[in-house]
Amino acid sequence: MSIQWYPGHMRKATREMTKILSSVDVILEVLDARAPISTSNPVIQEITQGKPIITLLNKSDLSDPSYNDQWIDYLKQDKQKQTLLINAMTNESCKKIIDLISALTRKKTGKNTLVMVLGIPNVGKSSIINMLAGRKITKTGNEPAITKGQQKINLRNSIMLLDTPGVLWPKIEDPEHGLKLAAIGSIRNTAVAYDQIAPYIIKSLLQKYPDTIKNRYKINVSSSDEYEVLEILAKKRGCISRGGVPDFNKISEIIVDEFRRSLIGRISLDIPK
Ligand SMILES: Nc1nc2c(ncn2[C@@H]2O[C@H](COP(=O)(O)OP(=O)(O)OP(=O)(O)O)[C@@H](O)[C@H]2O)c(=O)[nH]1
Ligand SMILES: [Mg+2]
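Structural notes, computed from the coordinates.

Rules used in this analysis
- Residues numbered from 1 in each chain as written.
- Chains lettered and ligands numbered in written order.
- Predicted model: local features only at pLDDT ≥ 70, side-chain atom pairs only at ≥ 80, totals over all residues.
- Heavy atoms only, no water.
- Core = buried A, V, L, I, M, F, W, Y, C linked by side-chain atoms within 4.5 Å.
- Buried < 20%, exposed > 50% of the residue type's maximum accessible area, 1.4 Å probe, protein only.
- Helix = DSSP H or I, 4+ residues; strand = E, 2+ residues; numbered from the N terminus.
- Domains from an automatic or database assignment.
- Contact = heavy atoms within 4.5 Å.
- Salt bridge = Lys/Arg side-chain N within 4 Å of Asp/Glu carboxyl O.
- Near = heavy atom within 4 Å.
- Polar contact = N/O pair within 3.5 Å; in protein donor to acceptor, adjacent residues only side chain to side chain.
- Areas by Shrake-Rupley, 256 points an atom, 1.4 Å probe, with all protein chains shown as cover.
- Nonpolar A, V, L, I, M, F, W, Y, C, P; charged D, E, K, R; others polar.
- Pairing = 2+ DSSP bridges.
- Axes fitted to C-alpha atoms, helices over the stretch in contact; angles between N-to-C directions.
- Arc of directions from axis to C-beta.

Generally speaking, soluble globular proteins have nonpolar side chains that are buried together. Residues Ile97, Leu132, Ile187 and Ile255 are the most contacted members of the largest nonpolar core, which totals 78 residues. For this core, the leading source of residues is helix H7 (residues 194-208), giving 7 residues. Here this core spans two domains, since at least three of its residues come from each of domain 1 (8-163) and domain 2 (193-260). When sequence neighbours within four positions are dropped, the list of residues in contact with Leu132 reads Leu28, Cys94, Ile97, Ile98, Leu155 and Leu161. Grouped together as the second largest cluster of nonpolar side chains are 6 residues, Leu31, Trp71, Ile72 and Leu75 included.

Have a look at this one:
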């Protein structure tokens, strides 16, 4: 089952990004540090070729710290791009980002530097703009498609930032890829339901982070079957429908929410080879 969530505004946004690209000086490509490969949009890769690109691995406070540096090393193999690991909820990385932008545009004189911020939905593009501006200037929110159109923000140091709506591509062929994007909140819940995402999260935890389930939910997991574990969790959390059957929708919503808020632990879904 491939996943399709490509509403009209994304098609329009991709067209508008392509149109303005010739006047863009630097691209800030935002990826989610929990899934740096899966959050990289092949269409964006294609249209931005030849432009100076700074890749920001955002939400590094949510990803598995033991993989963060490995991902940076891996991404640095691409000599066309500069790469930084960041957390948009703090302003620690502001100076580094501004310095990199300035270094890439040093030769220019007299005119503003236009920096376009690109990425799939919910990776933190608008939050990064607010961090760089030092104030809440663009709308953010923990669901995809918060930003609906381009917005220019003038920083004091002759840098003009361009916020853009998160865009996906017309069809995500690999179902696991789609589930990863849904797990981190980049695909709307109406396109991939909680009771599809939660079994995927549990399966990933059982394979890669088995202790997290034990620690968070205080259960002994002897089963390697994600549905059996979900059933145990439903009972433990009181998610029982009339007639005593486990309410899979309810427990699924809880698991997805706790995963997204990092309550289960700092978990990465793309694992470096
Ligand atoms: N923990 C954590 N949360 C973050 C970080 N960056 C952004 N967020 C949160 O992630 C959610 C999405 O952030 P936005 O800045 O709205 O994301 P966006 O990429 O602009 O999303 P769209 O406009 O919908 O494409 C918000 O709830 C932010 O508070 C981060 O580095 N760490
Ligand atoms: Mg936004």
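After that view of the structure, there is still more to cover.
Overall, the coordinates contain 10 salt bridges when judged by the stated rule. Where Asp32 meets Arg34, a salt bridge forms, and the shortest distance between an N and an O atom there is 2.7 Å. A relative accessible area of 3% means that Arg34 is categorised as buried. One salt bridge in this structure joins Lys180 and Asp270, with 2.7 Å as the shortest N-O distance. Of this pair, Lys180 sits in helix H6 (residues 175-183) while Asp270 sits in the segment after helix H10 (248-260), and the two are 90 residues apart along the sequence. The pair Lys180 / Asp270 is uniform in exposure class, with both members buried. Residues participating in the shared-partner salt-bridge network are Arg216, Arg237 and Glu258.

The next thing to look at is the site of ligand 1. Taken together, 23 residues sit near ligand 1, with Asp61, Lys125, Ser127, Ile146 and Thr147 positioned nearest. At a separation of 3.0 Å, an oxygen atom of ligand 1 approaches a polar side-chain atom of Asn58. Starting from 650 Å² of accessible surface for ligand 1 in isolation, the protein chains cover 90%. If you tally residues by element for the shell around ligand 1, the top one is helix H5 (residues 125-133), at 3 residues. Counted by class, the shell around ligand 1 contains 8 nonpolar, 11 polar and 4 charged residues.

Moving on to the sheet that holds strand S2 (residues 53-58). Within the open sheet, the 6 strands sit side by side as S3-S2-S1-S4-S6-S5. Their pairing is mixed. Pairing within the sheet leaves two strands with one partner each, and these edge strands are strand S3 (81-85) and strand S5 (151-154). Strand-to-strand twist of the sheet, defined as the mean angle between neighbouring strand axes without regard to direction, takes the value 25°. Where strand S1 (residues 26-32) lies against S2, 6 bridges are found, and the strand directions are parallel. Counterpart to Leu31 in the pairing with S2 is Leu57. Packing against the sheet, helix H4 (residues 94-104) makes contact with S1, S2, S3, strand S4 (113-118) and strand S6 (159-163), and its axis sits at approximately 165° to S2. Along the sheet, H5 makes contact with S1, S2, S4, S5 and S6, crossing S6 at roughly 155°.

Residues of H4 that are buried: Cys94, Ile97, Ile98, Leu100 and Ile101. The arc enclosing the buried residues of H4, seen along the axis, measures out at 160°, which places them on a common side. Facing away from the buried side of H4, by more than 90 degrees, are the exposed residues Lys95 and Lys96. Buried residues along H4 sit against S1, S2, S3, S4, H5 and S6.

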